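Commentary on secondary and tertiary structure
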Amino acid sequence: MPFEFEKTRLPEVLLVKPEVFGDRRGAFMELYKASEFLPHIPQPLVQMNFSRSAKGVLRGLHFQKDPAAQGKLVKCMRGRILDVAVDIRKGSPTFGCWVGRELDDENHHMLYVPPGFGHGFCVYSETAEVMYQVTAEYSPAHDRGFRYDDPAVGIDWGMASPSLSDKDRNAPLLKNADNNFVYPR
């Protein structure tokens, strides 16, 4: 198997480790293989997104509410990021809990953030290029978010003053977010 699927402390969030084949010429790896992913991530991946960000940029925390909820498979193609998922399913025993993993162009790990979880990342390297595949197409009418620095969530981003978009800077706290996810999802 070219992939290892590892549960995090939020068991629905998966760290995906691809097998990397390297030699003197470089490296090769599979990034997605339906036959291996579908037992772990049953929704098909239908859209691919890309972002390039400078050091200190923080993007998030974002989600799409139902009926356009997205799962995200996140890969840092160049550079290094802290990728974070937050359980936002009302009634969940882990509501408001978060998990973060460093993703970079050396470990080649990916993080799967399922529907019902907020997602964000911050950039530690000079620049970072991030690719993520999603299980639902982007829907502006369902696009939502909440504060990256919500004290009730308490994420340690590892940086004091991140660079934010106006949308992220003005996002509500999680308790006030327009969120229709209910546990179990």
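Please refer to the structure placed before this passage.
The residue numbering used here restarts from 1 in each chain and proceeds along that chain's sequence as written. The predicted origin of the model limits local features to residues at a pLDDT of at least 70 and limits the giving and counting of side-chain atom pairs to 80 or more, whereas totals for whole chains, interfaces and linings rest on all residues. Side-chain numbers come from the whole structure's heavy atoms, not from hydrogens or water.

**Focus on the overall build of the protein chain**
In terms of helices and strands, the protein chain carries two helices and 13 strands. Here the globule rule reads 2.2 Å times residues to the power 0.38, and the radius of gyration is calculated from C-alpha atoms. For 185 residues, the compact-globule formula gives about 16 Å, and the C-alpha radius of gyration of the protein chain, at 16 Å, lands near that figure. When its C-alpha atoms are laid out on the principal axes, the protein chain stretches across 55 × 35 × 30 Å. Residue burial is assigned from relative accessible area. The probe radius is 1.4 Å, only protein chains are included, and a residue is buried under 20% of its type maximum, exposed over 50%, and partly exposed in between. Within the protein chain, buried positions represent 53% of all 185 residues. In the protein chain, the proportion of contacts linking residues at least 24 apart, taken out of those at least 6 apart, comes to 80%. Each accessible area is a Shrake-Rupley estimate made with a 1.4 Å probe; only the visible protein chains count as cover when residues are assessed. Approximately 9,200 Å² of the protein chain is accessible, and the part contributed by carbon and sulfur atoms is 51%. When charges are counted, Lys and Arg are positive and Asp and Glu negative, with His and the chain ends excluded. In plain terms, the charge of a residue is placed at NZ if it is Lys, CZ if Arg, CG if Asp and CD if Glu. Separation of charge centres in the protein chain, based on 23 positive and 24 negative side chains, amounts to 3 Å. Helix and strand definitions here come from DSSP, where helices need a minimum of 4 consecutive H or I residues and strands a minimum of 2 consecutive E residues; each element is numbered from the N-terminal end. When checking whether two residues touch, look at their non-hydrogen atoms; a contact exists if any pair is within 4.5 Å.

**Details of the packing of aromatic side chains**
Any Phe, Tyr or Trp ring, taking Trp's six-membered ring, that has another such ring centre within 6.5 Å forms a pair; planes under 30 degrees apart are called stacked, those over 60 apart edge-to-face, and the others tilted. In the structure shown here, the tally under the stated rule is six aromatic pairs. Relative to Phe 5, the ring of Phe 3 has its centre 6.2 Å away and its plane inclined at 45 degrees; by these criteria the two rings are tilted. The class of Phe 3 is buried, set by a relative accessible area of 5%. Each member of the aromatic cluster is reached from another via a ring pair, and the members are Phe 3, Phe 5, Tyr 32 and Phe 37.

**Considerations on the sheet that holds strand S8 (residues 80-87)**
Taken in spatial order, the five strands make up an open sheet running S9-S8-S11-S6-S13, and their pairing is antiparallel. The two strands at the open ends of the sheet, each matched to only one other strand, are strand S9 (98-104) and strand S13 (143-145). Direction aside, neighbouring strands of the sheet carry axes that sit 30 degrees apart on average. Across seven bridges, S8 lies against S9 in antiparallel orientation. Bridging across to S9, Ala 85 finds its partner in Val 99. Paired strands, in this sense, are two strands between which DSSP finds at least two bridges. Whenever a helix is involved, its axis is fitted only over the stretch in contact; in every case the axis is a line through C-alpha atoms, and angles between N-to-C directions fall within 0 to 180 degrees.

**Notes on the layout of surface pockets**
Within this scheme a cavity is a closed region of a 1 Å grid, computed over the protein atoms alone, that accommodates a 1.4 Å probe without allowing it to escape, whereas a pocket is open but has protein on both sides within 12 Å along at least five of seven lines; lining residues each have an atom within 4 Å of a point. Grid points are joined across faces, edges and corners, and a volume is the space filled by probe spheres set on the points. Estimated volume of the largest pocket: approximately 380 Å³. Residue lining of the largest pocket: 23 residues in total, with Arg 59, His 62, Lys 72, Tyr 132 and Lys 167 positioned closest to the centre. Listed by contribution, the elements that provide at least two residues to the lining of the largest pocket are strand S5 (47-54), strand S6 (58-64), strand S11 (117-123), strand S12 (127-134) and helix H2 (166-169). A total of five residues in the lining of the largest pocket trace back to one element, the largest contributor, which is S6. Classification used: nonpolar for Ala, Val, Leu, Ile, Met, Phe, Trp, Tyr, Cys and Pro, charged for Asp, Glu, Lys and Arg, polar for all others including Gly. When the residues that make up the lining of the largest pocket are grouped by side-chain class, the tally is eight nonpolar, 10 polar and five charged. The wall of the second largest pocket is formed by Glu 12, Leu 14, His 40, Pro 42, Gln 43, Arg 89, Tyr 112, Pro 114, Pro 115, Phe 117 and Arg 185. Residue composition of the lining of the second largest pocket, by class: six nonpolar, two polar and three charged.

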